[in-house]
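Chains, contacts and geometry: an overview
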Amino acid sequence: MFFIYGVEDTNFDPGYEPDWAVISTVKRDQVREHPPVKETSQWSFSLPLSELYSLRRSRFSLGRNFLVFTSRGGHPLPPLHFHRGGTRELLRAMQRYIILAPSPVDGRLFLAYPHDSGALSQSFDELHLFDDGSSDLVSRFIQDPYATTFGGFSKVTNFFRGALRPPDSPFHPRGPQDHHGPPSADDEPGFELITCGVELGPKPDVTRGQPLDKWEEFLDPEGRVKDPQQIKELVFRGGITPSLRKDVWKFLLGFYPWNSTVKEREDILRMKTDEYFRMKVQWKSVSEEQEMRNSLLRGYRSLIERDVSRTDRHNTFFSGNDNPGLTLLNDVLMTYCMFNFDLGYVQGMSDLLAPLLFVTQNEVESFWCLTGFMEMVHQNFEESQEAMKQQLLQLSLLMKALDPELLDYLDSQDSGSLCFCFRWLLIWFKREFSFEDILSLWEVLWTRLPCENFHLLMAASILESQRGEFIGSDHDFNTILKHINELTMKLDLQTVLRGAEANYLQLACCKELPVKVQEVIGLYVPPSPDDETSAGWVHGLTLLTPNPDSATAHP
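What counts and how
Residues numbered from 1 in each chain as written. Predicted model: local features only at pLDDT ≥ 70, side-chain atom pairs only at ≥ 80, totals over all residues. Heavy atoms only, no water. Helix = DSSP H or I, 4+ residues; strand = E, 2+ residues; numbered from the N terminus. Buried < 20%, exposed > 50% of the residue type's maximum accessible area, 1.4 Å probe, protein only. Contact = heavy atoms within 4.5 Å. Areas by Shrake-Rupley, 256 points an atom, 1.4 Å probe, with all protein chains shown as cover. Axes fitted to C-alpha atoms, helices over the stretch in contact; angles between N-to-C directions. Parallel < 35°, antiparallel > 145°, perpendicular 65-115°, else oblique. Left-handed = near helix turned anticlockwise from the far one by under 90°. Nonpolar A, V, L, I, M, F, W, Y, C, P; charged D, E, K, R; others polar.

1. A few points about the overall build of the protein chain
- Scanning the protein chain from N- to C-terminus turns up 23 helices and eight strands.
- Considering the protein chain as a whole, with its 555 residues, one finds that 45% of them fall into the buried category.
- A fraction of 69% describes how many contacts in the protein chain between residues 6 or more apart in sequence connect residues 24 or more apart.
- If you sum the accessible surface of the protein chain, you get close to 29200 Å²; carbon and sulfur atoms cover 53% of it.

The following block contains the structure:
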């Protein structure tokens, strides 16, 4: 089989250590001579598929995908770039002759195996799954069949791990010449789970409920909320009637404790009001001369003034010049800088405050509601952006479980990082839905039901709704980004919410859901020390599965 490449690629530097350098780390009893790659001309090279060890889908720094092939002899092959597409077609053609198995630790790396069963058996023989004498193996199996069996098959994991580590890695498996070195962790028969994909059941039908339209009946004679969980479930199911938002939001955002009485809430309001104005006085009393020597405060003020002037100006509460709503927006944000000076003000925080101020119509209450909201999302605004990177990674995990074909398509168009979802997650879809829809959406998200990452399930629901637009189209990175941006104000909130909840229920009912996905949707519970003691070595093989009944507990 021939792979044609142009002369201009011969000196191509992919910008990282050559992929072939991390291969051929598996110990073998017999050393085979591998035929080198043959260059049939300056325009082509040939390699028998039986000598193909792996291939990696990679990408240029600012360009498109390319393929890197690695031979069993460790010979580097020139990167192959398909200017007009064709990567998928090539892989499909190759799979008629060999097996391309995805690496368990690197989604872009594929290991090549022959279809021939004898060769596959030989490959497993080379792993030395049961490398003890046959008589000893039998006696061990009779005494402890589980430990013997899983102790052998755990080496499959070590095989893949060793094959993917670079030679200079401190954890690189030792060769035969290193027998006198200290034992490594790989020598232990650890037990690990190799995740090979998820088979999900059908996506359930979900219906939304009516908004919460009564409040007093949920309070006891002293004003305590009798059943906070019931309130949260009702809000998650249908939102809140606009006339009740001002009261209920203050509980959802932690301004009032759920078990507080009417008298206690009066005391809290008085105390919070005093505290707010003490902080406000701090920045109000800074003279111009002092501010000239405080570049940080000066920078916060400049950013706030710029953002306030363009935040929700279409809303009557903030429209027009010299609007008192704009003054309140500015003052609350400046006071938040004094409350959390380490974080200060970051672009986008004005988008979070505007709906709070609109609903509460009160400077003090909107401030403390903002602090409660920021408790949930403050990491989004940290300079390192680690939280945003983590959320995009978690969204990718969800998409890999929910719609791997769609994620694979996006990845093929250099959009697999889902960076176009950044704004969605940063300010919780504030720019994607109408102002009224955002009021409904945020109160649903504030319940933290059915999990704290429900906003990621929302993002997955939106992406799935665009599946027909992407799959089979000629979109590239730029047109995908353009299409996503053009979804603003065109999405139906209730449809997206139903899809997000259906995604959760579909994942929750999967009995073999990978632990990483369980962690994202809040289903994974680490075993207790007692469990570890009683389960012993089986702990490493245990994959917690959700109870399907509990997944549909929300009315």
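That covers the picture; the talk isn't over yet.
2. Thoughts on the packing of helix α9 (residues 295–308) against helix α10 (residues 324–339)
- With their axes 10 Å apart at the nearest point, α9 and α10 run at an angle of 150° to one another. When the interaxial angle is binned, α9 and α10 end up roughly antiparallel. The way α9 lies across α10 gives a crossing that is right-handed. Residues L297, Y300, R301, I304, E305 and V308 of α9 lie in contact with α10, whose contacting residues are L326, L329, N330, L333, M334 and C337.
- Of the residues assigned to the contact of α9 with α10, the class counts are nine nonpolar, one polar and two charged.

3. A look at the packing of helix α7 (residues 262–284) against helix α12 (residues 363–377)
- In contact at an axis separation of 10 Å, α7 and α12 are set at 85° when each is read in the N-to-C sense. Between α7 and α12, the angle falls in the class roughly perpendicular. Residue-level contacts link L269, K272, T273, E275, Y276, F277, M279 and K280 of α7 to E363, V364, E365, F367 and W368 of α12.
- Taken together, the residues that form the contact of α7 with α12 break down as seven nonpolar, one polar and five charged.

4. Here's the deal with the side chain of Q394
- Among the structural elements, Q394 can be located in helix α13 (residues 386–402).
- The residues touching Q394, leaving out its near neighbours within four places in the chain, are N453, L456 and V520.

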